[in-house]
Amino acid sequence: MKVLVVGSGGREHAIAREVKKSPKCELLLCAPGNPGMAELGECVPVKADDLDGIVALAKERGIDFVVVGPEGPLVAGLTDRLSEAGIPSYGPSALAARLEGSKAFSKAVMKKYGIPTAAFETFVDLDAALAFVREKGAPIVVKASGLAAGKGAIVCETLAQAEEALTDMLGEKAVFGESGREVVVEEFMSGEEASLFAVCDGRDYVMLSSAQDHKRVFDGDKGPNTGGMGAYAPAPVVTPEVLEQVKKRIVEPTLEGMVAEGCPYRGTLYVGIMQTAEGPRVVEYNCRFGDPECQVVLPLYKGDVLELLHKAATGRLKELRVEENAGSAAIVVVAAEGYPGSYPKGMEIRGCDAMPEGAHVIHAGTARKDGKLVSAGGRVLGIVGRGDDLKQALDRAYAGVAQVEMEKSFFRRDIGQKGLRRLGMN
Ligand code: AMP
Ligand code: GLY
């Protein structure tokens, strides 16, 4: 199979790594890819959101299967365009990707099909939204309905914060542009969060390992939200009982609901849950793998990931002999100082080829300059450690981090601690 992986971040590097391992992969192209992906296959400088460019590339190079990493091109309809061109691809259609692309849509689906989530109202009018939060009081959560690069959800501890968030989005400033012209205001849920990934073919699904992300920038979950500073899988908070509840109360009704809505869901259904006193409730759906969760979830799948994604994309998961997930994995993200605010670029990176046993490097924001590997983003690298248990995975990831040399960089030192505590291992 000739495979094209679309995207250029850590998630896509992790996908490319698994695709390349498959005996079914004859050729791997990445668009646009990154220096890590360039070690696995050929990178072609076509951007992920250049839909025409991606379709043209796939046709020109006789690609048999496309795996789309990021949400942007999925919400914009890349898989629809590829199917018009007769090329199978992994990822939901634009209509199905609304589960991530429109929080108003996803909340409406959850309500209609009885899927547990925070109570909510949707608004386009500022005054009506302000009146609603004044009636409900804080804490309360204000979310831009559209895509906002992970920054569109504001957890408001005070009424003043909620008023400010609403005014920013629905008022003249329109801080999220069109994405924030419609907002969802929802009940605050307390509990521990986890990420679940169902690989879906429209009707059937395969559940991958659970994971837990570390969104805050500093140790102890302090500081602003980031794209994710680390992750580990599986997440002990997702006990077998919780997993069963997620399948029966969330994944299955969502898939049935999407069939009933006329847009069957194919691709990764990422369910962000809050484990509350009443069981798991949906915080959000995403229409793609999590980043950095993908980097720890895929290596745990014992089967052929390319085959899994291809069977899902072509509606044939039933034919698959589903493999177990085994062991543990952890990723520690090395970021540039200042991230998630402004940060320097172009710092030289050394030590990536000196990874200890059980550890590997995932590139996220790197570039090659005059033959040297340099930083080119906020989240620069992730070091993945794999092991028989979480402790070993974490030890290996941190041993790998110790080999990396880069000025003006930092990482969190407490990745996975919550998991170790639950397991009684720290
Ligand atoms: P989202 O973009 O919807 O994933 O939200 C980003 C983050 O905001 C989540 O990972 C949660 O930590 C937090 N969050 C979102 N919705 C809620 C909620 N209803 N209650 C509590 N925290 C929330
Ligand atoms: N790690 C969170 C996300 O991918 O949305």
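Residues numbered from 1 in each chain as written. Chains lettered and ligands numbered in written order. Predicted model: local features only at pLDDT ≥ 70, side-chain atom pairs only at ≥ 80, totals over all residues. Heavy atoms only, no water.

## A short note on the pairing of strand S18 (residues 328-336)
To keep it simple, the criterion reads: A simple rule labels every residue: compare its accessible area, found with a 1.4 Å probe on the protein chains alone, to the largest value its type can have, and call it buried under 20%, exposed over 50%, or partly exposed in between. In this text, helices come from DSSP runs of H or I with a minimum length of four residues, and strands from runs of E with a minimum of two, each type numbered from the N-terminal end. Two strands qualify as a pair provided that DSSP identifies no fewer than 2 bridges between them.
Taking burial as the measure, the nine residues of S18 include nine buried ones, the bulk of the element. Side chains Ser 328, Ala 330, Val 332, Val 334 and Ala 336 project from S18 onto one buried face, and the interleaved Ala 329, Ile 331, Val 333 and Ala 335 project onto a second face that is buried too. Bridging between strand S15 (residues 230-233) and S18 involves four bridges; their strand directions are antiparallel. Pairing of Ala 231 across the sheet is with Ile 331, part of S18. As paired strands, S18 and strand S22 (residues 379-387) are joined by eight bridges and run antiparallel to one another. Residue pairing across strands places Val 332 opposite Ile 383, the latter belonging to S22. Where S18 meets strand S23 (residues 409-410), two bridges bridge the pair, whose relative direction is antiparallel. Considered in S23, the bridge of Ala 336 is made with Ser 409.

## Observations regarding the sheet that holds strand S17 (residues 279-286)
Going by this rule: With axes taken as lines fitted to C-alpha atoms, and helix axes fitted only over the stretch in contact, angles between N-to-C directions fall between 0 and 180 degrees. In this description, contact between two residues means that some pair of their heavy atoms is separated by no more than 4.5 Å.
Strand order in this open sheet of four strands is S11-S10-S16-S17, and the pairing throughout is antiparallel. Among the strands making up the open sheet, the edge pair consists of strand S11 (205-207) and S17. Between one strand axis and the next, the sheet turns by 30° as a mean value, whatever way the strands run. Lying on the sheet, helix H12 (residues 305-313) is in contact with strand S10 (192-202), S11 and strand S16 (265-276); it crosses S10 at an angle near 65°.

## Brief notes about the site of ligand 2
The condition that has to hold: Any residue with a heavy atom positioned within 4 Å of a molecule or strand is treated as near that molecule or strand. Polar contact is defined as a pair of N or O atoms within 3.5 Å, subject to the rule that within protein one atom must be able to donate a hydrogen and the other to accept it, and that residues adjacent in sequence are counted only when both atoms are side-chain atoms. Accessible surface is estimated by sampling points in the Shrake-Rupley manner with a 1.4 Å probe; for residues, cover comes only from the protein chains shown. Only Asp, Glu, Lys and Arg are considered charged, only Ala, Val, Leu, Ile, Met, Phe, Trp, Tyr, Cys and Pro nonpolar, and every remaining residue, Gly among them, polar.
For ligand 2, the full set of nearby residues is Asp 213, Gly 227, Tyr 270, Asn 286, Arg 288, Gly 290, Asp 291, Pro 292 and Glu 293. Asp 213 is positioned such that a nitrogen or oxygen atom in its side chain is 2.8 Å from a nitrogen atom of ligand 2. Asp 291 is positioned such that a nitrogen or oxygen atom in its backbone is 2.9 Å from an oxygen atom of ligand 2. In isolation ligand 2 has 190 Å² of accessible area, and contact with the protein removes 88% of it. Along the lines of polarity and charge, the residues of the shell around ligand 2 split into two nonpolar, three polar and four charged.

Honestly, that's just the spatial picture; any functional story needs more than this.
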